[in-house]
2 protein chains.
Amino acid sequence: MKPTLQAVADAVGVSRSTVSNAYSRPDQLSAALRERILDAARQLGYPGPNPTARSLRRGFVGSIGVLFTSQLSYAFTDPFAVRFLTGVSAAAERHGTSMLLVPLPPAQTDARRAVENAAVDGFCVYCVADEEWALDVIRARGLPYVSTAPRDDAGADERYVGIDERAAARGIAAHVAGLGHRRVALLADAVLPDAPAGPLTLDGVHEAWHPTTRGRLTGFADAFGEVGVDWADLTVVNALGNSRQAAAAAVAGLFDGPAPPTAVLAGSDVLALGVLDALAQRPGGANPPVSVTGFDDIPEAAAAGLTTVRQPAEDKGRIAAELLLDPPADAAAGHVLLPTALVVRASTGPVPRS
Amino acid sequence: MKPTLQAVADAVGVSRSTVSNAYSRPDQLSAALRERILDAARQLGYPGPNPTARSLRRGFVGSIGVLFTSQLSYAFTDPFAVRFLTGVSAAAERHGTSMLLVPLPPAQTDARRAVENAAVDGFCVYCVADEEWALDVIRARGLPYVSTAPRDDAGADERYVGIDERAAARGIAAHVAGLGHRRVALLADAVLPDAPAGPLTLDGVHEAWHPTTRGRLTGFADAFGEVGVDWADLTVVNALGNSRQAAAAAVAGLFDGPAPPTAVLAGSDVLALGVLDALAQRPGGANPPVSVTGFDDIPEAAAAGLTTVRQPAEDKGRIAAELLLDPPADAAAGHVLLPTALVVRASTGPVPRS
DNA sequence: TTGAAAGCGTTACCAG
DNA sequence: CTGGTAACGCTTTCAA
């Protein structure tokens, strides 16, 4: 039998309250008595107040949940997600708060359960795909949260940290357009819930499933619209997953037609690297060269010479956690837009003469 | 006021037990009644049973702790640690268990508190440095745990997953010795608790602080002993942290003497990369060339052409979590030694003619 | 199939 | 500074 606080109280001959105070409110008793109690506890092997009981009584847990709306084990393989976690952990560390990583089972009903059962004081929601259901559960629980996806219907009181997806996307697309590219493919993960890999027909950007994808595609379209390339002239390519393999599979055959795209704008660096993989695999290599851009500026992007949009990944995580842990008094301060930068490297160049 | 289970019971006109059963034991009531209860709950905005209260009553939490005996935010920047986490998360995911990452405050007293307060059913202890105190707390709490460090005094019932540090180290050192190297430096992080960066005098391997370091240094010494190089002839170099910067700082000046080492065996890839950084920075570059080896085989090692020891990082995490989540009936199965492989790349070569 | 009663181990309030 | 008392919100026998 593990000893309880009661056992220590009995051993010392004081009440439970006093033992409790010895742990949680040292100023409420004499140092001598406190020592006597702590000694007795050590003697008995009492490991301190039971965390669960304490949380129940106090009404808070001392840990924040980090929710990935994708497989948790996948999150660790995504460099951007890892840097986000680094930021969250830095803030959590400063606060003495733990981080609970909640894995989501495939079935959505079970996933709801997972979120309902998480013993946390709030959530950082790292948005990968559709997370409305998760936010619903969190709101129903009355827990605070901070999300990283732009939500179209975000309430004013909803805390959020992100970037101006549309402006950032427009910036990199303008760079590509400025190089003369007009036959362009836009590559994103899970554009539509159940679409197959490869080129897709999308009536408009609004059809895209995920807000982040919508934002980026809109920015891409903005820039090309300005040089006279309509939405209908752009090729949207769907990838089944945010991985190099998925990207390579998605663009297989894309360059085989009579008028192949001369540039591919990807929604993430990982996807862009996959496109480079696919191009490198082609017989004859990437000839004529195809310009490729990414998004995020993960470490691998530099090594691969990828032109991309840099966003401050760690800051995103750190600020998300800080917004959760010290809510700003001013509601407007709950919406944070981080700066981005266009990073031009070797993966983009002028359109080759045909 | 957030509604409680009681409120739902009142609304439907049944007892709390029945509502509880509706959530946790659907087979204990009619489907119709269950629906009625769940509907009422939805109506009232009842988010399901409070996780903390449920844990208190049930006696378990449904989450495992992952304990890094270093800064948590550092763990995410260590590629090996991230891959370990990937493995843990894969196992946790399969089990429907959450992972609690516990940050340790600098002061050890507070760190004990952090471990005492973690609401978890067990711990995966990722060993970085001295973790005895943490294991003490965990044992006092009566929680199961799995560690990744070889412990000299490990009880037979102690679960552990790791590699044969000594044999692996001997293997890579034998490779270096076979290339003719005899003036060799051994680089490790935190060899002694408070030693400064740089060369160190160590009477013997037994003085090294951390078991992992001891194991690796012993293996290195074994291999060189076999070719007639005594312990006293080896230079042990201390790094203040497992980072490229720390390694570079530690070996600064190491190659300036009259008889500099021709090879550096590092205790991790990250340290080895730091040595390569330092060599590249030298006026004249690394000339004559110095052989460098690492440990772990992180992704960056391949790109850098680093000769190293490969160990299965994800398997380590996955198996640690599995050992915790499904304890093997057979105690012997609780000790897992993973295979390692010597990976020879360009960073090692024959001793240059002097 | 349902309900009453008894805790799970702690902390907070308030009187002494 | 100390100790009683009353929750915190739920699950689990066990009897009806």
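On a predicted model such as this, the values are computed, not experimentally measured, just so you know.

Asks: Teacher, can you tell me more about the sheet that holds strand S8 (residues 235-239) of chain A here?
Replies: In a beta sheet, neighbouring strands are held together by backbone hydrogen bonds and run either parallel or antiparallel to one another. Residues and elements named next belong to chain A. One open sheet holds the 5 strands; their spatial order is S7-S8-S6-S9-S10, and the pairing between them is mixed. Each end of this open sheet is capped by a strand with a single partner; those strands are strand S7 (198-200) and strand S10 (291-293). Direction aside, neighbouring strands of the sheet carry axes that sit 25 degrees apart on average. Relative to S10, strand S9 (residues 263-266) runs parallel, the two being bridged by 3 bridges. Paired with Ala263 across the two strands is Ser291, which belongs to S10. Contacting strand S6 (184-189), S8, S9 and S10, helix H12 (residues 269-281) runs over the sheet at an angle of about 155 degrees to S10.

Asks: Can you help me understand the packing of aromatic side chains in this one?
Replies: The way to describe two aromatic rings as a pair is by their centre distance and the angle between their planes. One pass over the structure, following the stated rule, counts 6 aromatic pairs over all chains. Judged by centre distance (4.9 Å) and plane angle (45 degrees), the rings of Phe68 of chain A and Tyr126 of chain A are tilted. On the criterion of sequence distance, the pair formed by Phe68 of chain A in strand S1 (residues 63-68) and Tyr126 of chain A in strand S3 (residues 123-126) is long-range, its members being 58 residues apart. For the residue pair Phe68 of chain A and Tyr126 of chain A, the accessibility class agrees, reading buried in each case. Ring geometry for Tyr23 of chain B and Tyr46 of chain B: centres 5.8 Å apart, planes at 70 degrees, overall edge-to-face. Taken together, the residues Tyr23 of chain B in helix H2 (residues 16-24) and Tyr46 of chain B in the loop between helix H3 (31-44) and helix H4 (51-58) connect sequence positions 23 residues apart. Each member of the pair Tyr23 of chain B and Tyr46 of chain B is classed as buried. Ring-pair connections join several aromatic residues into one group, and the members of that group are Phe68, Phe84 and Tyr126 of chain A. Lying across the ring of Phe295 of chain A, Arg216 of chain A places its NZ or CZ 3.8 Å from the centre.

Asks: What is the right way to look at the protein's contact with DNA strand C in this model?
Replies: If you check the shell around DNA strand C, you find 25 residues, and the closest are Leu5, Ser20, Tyr46 and Arg57 of chain A together with Arg57 of chain B. Within 4 Å of the protein, the contacting atoms of DNA strand C are drawn from sugar and phosphate to the extent of 59%. Side-chain polar atom of Ser20 of chain A to a phosphate oxygen of DNA strand C: 2.5 Å apart, as the coordinates give it. Residue Arg57 of chain A places a side-chain N or O atom 2.4 Å away from a base oxygen belonging to DNA strand C. Those elements that place two or more of their residues in the surface near DNA strand C are helix H2 (16-24) and helix H4 (51-58) of chain A together with H2 and H4 of chain B. Split by residue class, the surface near DNA strand C holds 8 nonpolar, 10 polar and 7 charged.

Asks: Looking at this structure, I do not really get the domain arrangement of chain A. What am I missing?
Replies: Reports often express the size of an interface as the amount of accessible area lost when the parts come together. All names here are of chain A. Taken domain by domain, chain A consists of domain 1 (63-162 + 313-337) and domain 2 (165-310). The interface is formed by 13 residues belonging to domain 1 together with 13 residues belonging to domain 2. Summed over both partners, the interface of domain 1 with domain 2 buries about 1000 Å², with 57% contributed by carbon and sulfur atoms. Taken as a group, Pro79, Phe80 and Pro150 account for 38% of the area that domain 1 buries against domain 2, more than any other trio of residues on that side. Where domain 1 meets domain 2, there are 0 salt bridges. Inspection of the region where domain 1 meets domain 2 yields 1 residue pair in polar contact (both at pLDDT 80 or more). For the side of domain 1 that touches domain 2, the leading source of residues is helix H6 (residues 79-95), giving 3 residues. Within the side of domain 1 that touches domain 2, the residues separate by chemical class into 8 nonpolar, no polar and 5 charged.

Asks: How should I be thinking about the protein's contact with DNA strand D in this particular structure?
Replies: Taken together, 26 residues lie near DNA strand D, and Thr18 of chain A together with Leu5, Ser20, Tyr46 and Arg57 of chain B sit nearest. Close to the protein, within 4 Å, the atoms of DNA strand D are drawn from sugar and phosphate at a rate of 63%. Here a base nitrogen of DNA strand D and a side-chain polar atom of Arg16 of chain A are 3.3 Å apart. Here Ser17 of chain B contributes a side-chain N or O atom positioned 3.3 Å from a base oxygen of DNA strand D. Taken together, the elements giving at least two residues each to the surface near DNA strand D come down to H2 and H4 of chain A together with H2 and H4 of chain B. Taken together, the residues of the surface near DNA strand D break down into 8 nonpolar, 10 polar and 8 charged.

Asks: Explain helix H8 (residues 132-140) of chain A to me, please; I cannot follow it from the model alone.
Replies: Residue and element names in this part refer to chain A. Of the residues making up H8, those classed as buried are Trp133, Ala134, Leu135, Val137 and Ile138. Considering only its buried residues, H8 is in contact with S1, helix H7 (108-117), S3 and strand S4 (145-147). After H8 finishes, the residue Gly142 shows a positive phi value of roughly 75 degrees.

Asks: I'm lost on the pairing of strand S1 (residues 63-68) of chain B in this one. Help?
Replies: Remark: a regular strand shows side chains that alternate across the two faces of the sheet. Residues and elements named next belong to chain B. Of all 6 residues making up S1, 6 are buried, and the element is well covered by its neighbours. Covered by surrounding structure in S1 are Ser63, Gly65 and Leu67 together with Ile64, Val66 and Phe68, the residues of both alternating faces. Bridge count between S1 and strand S2 (residues 98-102): 5 bridges; the pairing is parallel. Paired with Val66 across the bridge in S2 is Leu101. Strand direction decides the pairing type here: S1 and strand S3 (residues 123-126), joined by 4 bridges, are parallel. The partner of Phe68 across the bridge, within S3, is Tyr126.

Procedures and definitions
Counting starts from 1 at the beginning of each chain's written sequence and moves along it residue by residue. Chains carry letters and ligands carry numbers; both start at the beginning, A for chains and 1 for ligands, and go up in the order they are written. Only residues with pLDDT of 70 or above have their local features reported here, since the model is predicted, and side-chain atom pairs are shown and tallied only from 80 upward, although totals for entire chains, interfaces and linings are computed over all residues. Only hydrogens and water are set aside; all other atoms, that is, all heavy atoms of the structure, feed into the side-chain values. Strands pair, by our definition, only if DSSP identifies at least two bridges between them. Numbered from the N terminus, helices here are DSSP runs of H or I no shorter than four residues, and strands are runs of E no shorter than two. In this analysis an axis means a line fitted to C-alpha atoms, helices contributing only their contacting stretch, and an angle means the value between N-to-C directions, from 0 to 180 degrees. A contact between two residues is defined here by any heavy atoms of the two lying within 4.5 Å. Here is the rule: rings of Phe, Tyr and Trp (six-membered ring for Trp) pair when centre to centre is within 6.5 Å. Planes less than 30 degrees apart are stacked, more than 60 are edge-to-face, and the remainder are tilted. Each residue's exposure class comes from its accessible area (1.4 Å probe, protein chains only) as a fraction of the maximum for that residue type: buried when under 20%, exposed when over 50%, partly exposed otherwise. Note on geometry: a ring has a charge over it if NZ (lysine) or CZ (arginine) is within 6 Å of the ring centre and within 35 degrees of the ring normal. Only heavy atoms are used to decide nearness, and a residue is near a molecule or strand if one of them lies within 4 Å of it. Any pair of nitrogen or oxygen atoms within 3.5 Å is treated as a polar contact; in protein, a donor-acceptor pairing is required on top of that, and neighbouring residues in sequence qualify only through side-chain atoms on both sides. When residue character is reported, Ala, Val, Leu, Ile, Met, Phe, Trp, Tyr, Cys and Pro are called nonpolar, Asp, Glu, Lys and Arg charged, and the others, Gly included, polar. Per the annotation, domain bounds derive from an automatic or database assignment of domains. For any pair of parts, buried area is found by adding up, for both, the accessible area (1.4 Å probe) each one loses once the two are put together. The working definition used for a salt bridge is a side-chain nitrogen of Lys or Arg within 4 Å of a carboxyl oxygen of Asp or Glu.

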